[in-house]
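# Report on the structure
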There are 2 protein chains.
Amino acid sequence: MRTLKYAILGLLKRKPRTGYDIAKEFKAELGNFWRARHSQIYPELKRLLEEGLIEYEIEIAGETMEKKVYNLKPAGEKDLIDWLNTDEEMVPTAKDKFRLRMYFASNIKRERLIELLNSQLKQRQDKLAMLEAKMDEQDRDPEFGSKEFGDFLVLESAILREQAYVEWLERSIRRCYIAK
Amino acid sequence: MRTLKYAILGLLKRKPRTGYDIAKEFKAELGNFWRARHSQIYPELKRLLEEGLIEYEIEIAGETMEKKVYNLKPAGEKDLIDWLNTDEEMVPTAKDKFRLRMYFASNIKRERLIELLNSQLKQRQDKLAMLEAKMDEQDRDPEFGSKEFGDFLVLESAILREQAYVEWLERSIRRCYIAK
DNA sequence: TTTAATCATGTAAACATTGACATGTTTTTA
DNA sequence: TAAAAACATGTCAATGTTTACATGATTAAA
């Protein structure tokens, strides 16, 4: 499946980057839907290099520090475009440890369950506020084919997802209070 | 982290089951938030057995077919309850291949992008309809501490999640048409 | 100016997950 | 009654992911 491969190719299509830059992207907006640590990124870059999909140039930062700035090669771009155009089936399961735990909620005392739900609610609300702040800085009407178009799609997606999560937590807390 | 361990303990807390039964649960409602194949389940059951958290009895089905019906031991129940009561931090990333691809949407032709979005929309709508049908069969006012309470929480959660996904896809398709 | 944060690149062991291989029984349906 | 679907249990190799180990340079802040 090699999803990380395409995440990296996609990022390099936007602009040349170092492995470190790629790791940073996974901590930003993109990190809402995919993530990888540098320990996974560097070996994958090595592999893509061997496969002839990418190349790199050495850049010197400061006095001596060497950076490998990676770039797409035509074969890599073709591979990326093919993947982007495939109509994949939806994955049936987006794993969620907290919701799994709630399936077994009957084994938690009422007061504690409310505490746990409130703790999640707080975190999700903070996340949502952060995403909404980002949306305010965003181009509200991105041009089709611009990278801002993709930025907008995923940001809106993340916001709608968090809103639904918050709504669920609020309903669940209410339900804890009113349930017999 | 061993989430599968707790998923299994939780299911066995509800009632004794075979490995096959557990696998089936991951294809039902619970499968919306956690999933494992039998190739992961059987070794995990073996391990839980060795750790003294569960035990089993042999049941004969038909003439000769042996079933291992697993059951929680007190140590397993304690372990489960401790896990259920821990206040874990939210996981920052619920991976989603399709949304990752949409981040790179600028590399897809408009007509094709609309096709891809519509394909996802169709699948998500079907899923949502299925979940809503299940909700109709569900106890609308589950008692606190009953297993129906957990069932209700996760089903509502799944519905809200799918609704948000559908909403996002619809907005994105509209955006494809109106964008410059 | 020194200290902390960030930049930068790698490897290795352990753990989690999937897909394929392997086998046989029981029940339902055509 | 034959075939298909579902029941039932396992292993193994490959792949994907995390955590820890390992090292050093550059920049911003105290």
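Please read all numbers here as calculations on a predicted model, not as lab measurements.

Glancing now at the protein's contact with DNA strand C. Not every one of the 24 residues close to DNA strand C is listed here, only the nearest: Tyr-20, Lys-67 and Lys-68 of chain A together with Ser-39 and Glu-63 of chain B. Expressed as a percentage, the sugar and phosphate content of the atoms of DNA strand C within 4 Å of the protein is 62%. Here a base oxygen of DNA strand C and a side-chain polar atom of His-38 of chain A are 2.8 Å apart. Arg-2 of chain B is positioned with one of its backbone polar atoms (N or O) 3.1 Å from a phosphate oxygen of DNA strand C. Within the residue set of the surface near DNA strand C, elements represented by two or more residues are α2 (19-25), α3 (38-50) and β2 (65-72) of chain A together with α3 (38-50) of chain B.

This paragraph deals with the relation of the copies chain B and chain A. With an RMSD of 0.0 Å, the operation that places chain B on chain A is a rotation of 180° combined with a shift of 0.0 Å along the axis. Taken together, the rotation and translation describe the operation of a two-fold axis. Interface overlap between copies: 100% of the residues of chain B at the interface are likewise at the interface in chain A, consistent with a symmetric, same-surface contact.

What follows deals with the side chain of Arg-101 of chain B. As for its placement among the helices and strands, Arg-101 of chain B is situated in helix α5 (residues 97-103). With near-sequence residues (within four places) excluded, Arg-101 of chain B lies in contact with Trp-83, Leu-84, Thr-86 and Glu-88 of chain A.

Bringing the domain arrangement of chain A into the picture now. Residues and elements named next belong to chain A. What the domain assignment lists for chain A is domain 1 (3-84) and domain 2 (97-178). Inter-centroid distance (C-alpha atoms) of domain 1 to domain 2 is 29 Å. The interface is formed by four residues belonging to domain 1 together with ten residues belonging to domain 2. Contact between domain 1 and domain 2 buries roughly 660 Å² in total, counting both sides, with carbon and sulfur atoms accounting for 54%. On inspection of domain 1 and its partner domain 2, the count reaches two salt bridges. Along the contact surface separating domain 1 from domain 2 lie four residue pairs in polar contact (both at pLDDT 80 or more). Across the side of domain 1 that touches domain 2, the residue classes break down as one nonpolar, one polar and two charged.

Let us now look at the pairing of β2 of chain A. Residues and elements named next belong to chain A. The pairing of strand β1 (residues 54-61) with β2 spans eight bridges and is classified as antiparallel. Across the sheet, residue Glu-59 finds its bridge partner in β2, namely Lys-67. Between β1 and β2, which pair antiparallel in sequence order, lie three residues; one of them, Gly-62, sits at a positive phi of approximately 65°.

Definitions and limits used
Residues numbered from 1 in each chain as written. Chains lettered and ligands numbered in written order. Predicted model: local features only at pLDDT ≥ 70, side-chain atom pairs only at ≥ 80, totals over all residues. Heavy atoms only, no water. Near = heavy atom within 4 Å. Polar contact = N/O pair within 3.5 Å; in protein donor to acceptor, adjacent residues only side chain to side chain. Helix = DSSP H or I, 4+ residues; strand = E, 2+ residues; numbered from the N terminus. Least-squares fit on C-alpha atoms with pLDDT ≥ 70 in both. Contact = heavy atoms within 4.5 Å. Domains from an automatic or database assignment. Buried area = accessible area lost by both parts, 1.4 Å probe. Salt bridge = Lys/Arg side-chain N within 4 Å of Asp/Glu carboxyl O. Nonpolar A, V, L, I, M, F, W, Y, C, P; charged D, E, K, R; others polar. Pairing = 2+ DSSP bridges.

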